[in-house]
Amino acid sequence: MHGQFQLTDDQLAIREVAQRFTADAITPFAAEWDEKHIFPRDTIRKSAELGFGAIYVSEQSGGIGLGRLEAALIMEAMAYGCPSTSAFISIHNMAAWMIDRFGGEAVKAKYLPSLVTMDTIASYCLTEPGSGSDAAALKTTARRDGDTYVLNGTKQFISGAGANEIYVVMVRTGEDGPKGISCVVLEKGMPGVSFGAQEKKLGWHSQPTAQLILEDVRVPAENLLGGEGEGFRIAMMGLDGGRLNIGACSLGGAQRCLDEAVRYTKERKQFGQAVADFQNTQFMLADMATDLEAARALLYLAAAKVTDNAPDKTRFSAMAKRLATDNGSAIVDRALQLFGGYGYLQDYPIERFWRDLRVHSILEGTNQVMRMVVGRDLLRQ
């Protein structure tokens with residue numbers, strides 16, 4: 001950003017590219033993807049032609065090496081058309097960045113070229129059936145055996161499970177708690193890798209979600225990211241950016257529903273005048289716009305802090321994720337109310353955004369955990 005609060009010319013140009021891509025390749029088709037549970041693999045791959053498969057992968061590794069604010073602008077723009085698809089691309093970017101940032105030369109050379117082009121797509125695998133918010137309690141094990149690790153365990157709620165080719169997985173190599181967790185990369189085709197049934201979800205219908213099941217899976221030791229015992233730190237660093245992106249997806253969805261509500265209330269007539277002419281409607285729209293801009297300002301600030309590796313980046317990322325996802329869902333809910341009964345119909349986009357944004361306050365750390373992160377950081381000062 002330049003000045004005090006303005007985006008730079010480059011950032012505005014990046015946002016415009018993402019907005020054009022969304023208008024052409026996402027928005028016209030998103031309703032069908034949702035209704036028919038279509039995974040738009042070809043559209044996702046097309047986004048990589050713009051660099052959106054490796055937004056903050058370094059240029060040396062083939063990425064476009066942008067900062068977290070630029071990534072948030074891209075995710076926000078794509079979520080205007082489909083939050084589910086935008087979030088899916090965000091998760092891939094988080095996993096690709098982890099490989100680039102913490103992988104050795106062998107693992108980077110093996111996986112990054114095809115991840116950058118999204119000829120292969122990556123999943124992030126932390127959550128387990130028995131460890132959601134308490135992520136450090138994970139049970140999936142990785143036992144060293146010569147030049148391989150042998151993995152056993154189950155990962156839960158994995159976006160892309162069964163469809164994606166690459167999985168960045170947090171495993172236990174040592175003691176209980178966060179210090180015993182490591183991070184490895186595995187492939188869909190490795191013997192012992194299987195997947196559960198596709199989950200039947202409220203929203204996010206344009207992306208597959210299932211368990212990742214590991215039974216005596218042998219993974220080359222060179223596929224370790226960082227050192228043994230560094231996996232939890234790596235996972236949390238990934239989430240600093242992931243939380244920003246999911247917050248940005250809420251901003252994009254909320255902006256779309258605000259725009260739709262303004263348009264609809266100006267056209268809809270009741271009691272002899274446009275619904276928009278009622279002061280109550282204007283108050284609702286004013287509050288929606290104010291809540292959206294407040295969340296956007298905090299998220300952009302947090303993104304700049306994560307890019308700059310500021311000491312309070314994790315706290316601001318948690319605050320921004322909490323506010324953007326809570327506000328985003330509330331804005332969409334009020335938009336649905338302004339649409340009345342029509343907002344409840346699939347003929348209009350509001351109900352899809354209502355369903356898609358609901359999960360944002362749960363994943364990447366629940367909003368209750370975000371409050372814990374913020375509170376604990378404040379008390380450490």
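For the structure given in this document, a descriptive report is provided here. Quantities reported herein were computed from a predicted structural model and do not represent experimental measurements.

1. Things to note about the packing of aromatic side chains
Part 1: As enumerated under the stated definition, the model contains 10 aromatic pairs in all.
Part 2: For the pair Phe 339 and Tyr 348, a centre-to-centre distance of 5.6 Å together with 70° between the ring planes defines the contact as edge-to-face.
Part 3: An aromatic cluster is present here, built from Tyr 264, Phe 339, Tyr 342 and Tyr 348 joined pairwise through their rings.
Part 4: The ring of Tyr 149 carries the charged tip of Arg 144 above its face, separated from the ring centre by 5.2 Å.

2. Overview of the side chain of Thr 85
Part 1: Here Thr 85 shows up in helix H5 (residues 83–102).
Part 2: Exposure remark for Thr 85: the relative accessible area of 2% places this residue in the buried category.
Part 3: Residues within four places of Thr 85 in sequence aside, it is in contact with Trp 33, Pro 40, Ile 44 and Ser 206.

3. Comments concerning the pattern of salt bridges
Part 1: Evaluation of the coordinates by the stated rule reveals 22 salt bridges.
Part 2: Among the salt bridges present, the one from Arg 233 reaches Glu 230, with a minimum N-O distance of 3.5 Å.
Part 3: Since its relative accessible area comes to 42%, Arg 233 is described here as partly exposed.
Part 4: In this structure, Asp 377 and Arg 380 form a salt bridge, with 3.5 Å as the shortest nitrogen-oxygen distance. Here the residue Asp 377 and the residue Arg 380 both occupy positions in helix H11 (residues 367–380), the gap between them amounting to three residues, near one helical turn.

4. Considering the nonpolar core
Part 1: Ranked by internal contacts, the top residues of the largest apolar core, which has 113 residues, are Met 98, Leu 151, Met 170 and Leu 225.
Part 2: In terms of residue count, helix H7 (residues 231–267) provides more of this core than any other element does, 15 residues in total.
Part 3: Other than its neighbours up to four places away in sequence, Leu 225 contacts Met 98, Ile 99, Phe 102, Gly 103, Val 107, Val 168, Cys 183, Val 185 and Ile 234.

5. Let's talk about the state of the cysteines
Part 1: Per the stated rule, a full pass over the model turns up zero disulfides.
Part 2: Cys 82 takes part in no disulfide bond, and the closest cysteine sulfur, belonging to Cys 249, lies 9.3 Å away.
Part 3: With no disulfide partner, Cys 257 has as its closest neighbouring cysteine sulfur the one in Cys 82, 12 Å distant.

6. Some details on the environment of Arg 263
Part 1: Among the secondary structure elements, Arg 263 is positioned in helix H7.
Part 2: Spatially, the C-alpha atom of Arg 263 lies 24 Å from that of Trp 33, the residues being 230 residues apart in sequence.
Part 3: At 3.1 Å, the side chain of Arg 263 and the side chain of Glu 260 are in polar contact.

7. What about the packing of helix H8 (residues 279–307) against helix H9 (residues 313–339)?
Part 1: Axis separation between H8 and H9 bottoms out at 8 Å; the angle between their running directions is 160°. Considering the angle they form, H8 stands roughly antiparallel to H9. Crossing hand, H8 versus H9: left-handed.
Part 2: Looking at the contact of H8 with H9 residue by residue, the class counts come to 19 nonpolar, three polar and five charged.

8. So, H5
Part 1: Here H5 spans 28 Å end to end across 20 residues, near enough to the 28 Å set by a 1.5 Å rise per residue.
Part 2: Within H5, 19 of the 20 residues are buried, which leaves it mostly tucked inside the rest of the structure.

9. Brief notes about the side chain of Ser 47
Part 1: Along the chain, Ser 47 falls in helix H3 (residues 41–48).
Part 2: Since its relative accessible area comes to 0%, Ser 47 is described here as buried.

Definitions and limits used
Residues numbered from 1 in each chain as written. Predicted model: local features only at pLDDT ≥ 70, side-chain atom pairs only at ≥ 80, totals over all residues. Heavy atoms only, no water. Phe/Tyr/Trp six-rings, centres within 6.5 Å; stacked < 30°, edge-to-face > 60°. Lys NZ or Arg CZ within 6 Å of the ring centre and 35° of its normal. Helix = DSSP H or I, 4+ residues; strand = E, 2+ residues; numbered from the N terminus. Buried < 20%, exposed > 50% of the residue type's maximum accessible area, 1.4 Å probe, protein only. Contact = heavy atoms within 4.5 Å. Salt bridge = Lys/Arg side-chain N within 4 Å of Asp/Glu carboxyl O. Core = buried A, V, L, I, M, F, W, Y, C linked by side-chain atoms within 4.5 Å. Disulfide = S-S within 2.5 Å. Polar contact = N/O pair within 3.5 Å; in protein donor to acceptor, adjacent residues only side chain to side chain. Axes fitted to C-alpha atoms, helices over the stretch in contact; angles between N-to-C directions. Parallel < 35°, antiparallel > 145°, perpendicular 65-115°, else oblique. Left-handed = near helix turned anticlockwise from the far one by under 90°. Nonpolar A, V, L, I, M, F, W, Y, C, P; charged D, E, K, R; others polar. Expected span 1.5 Å × (residues − 1).

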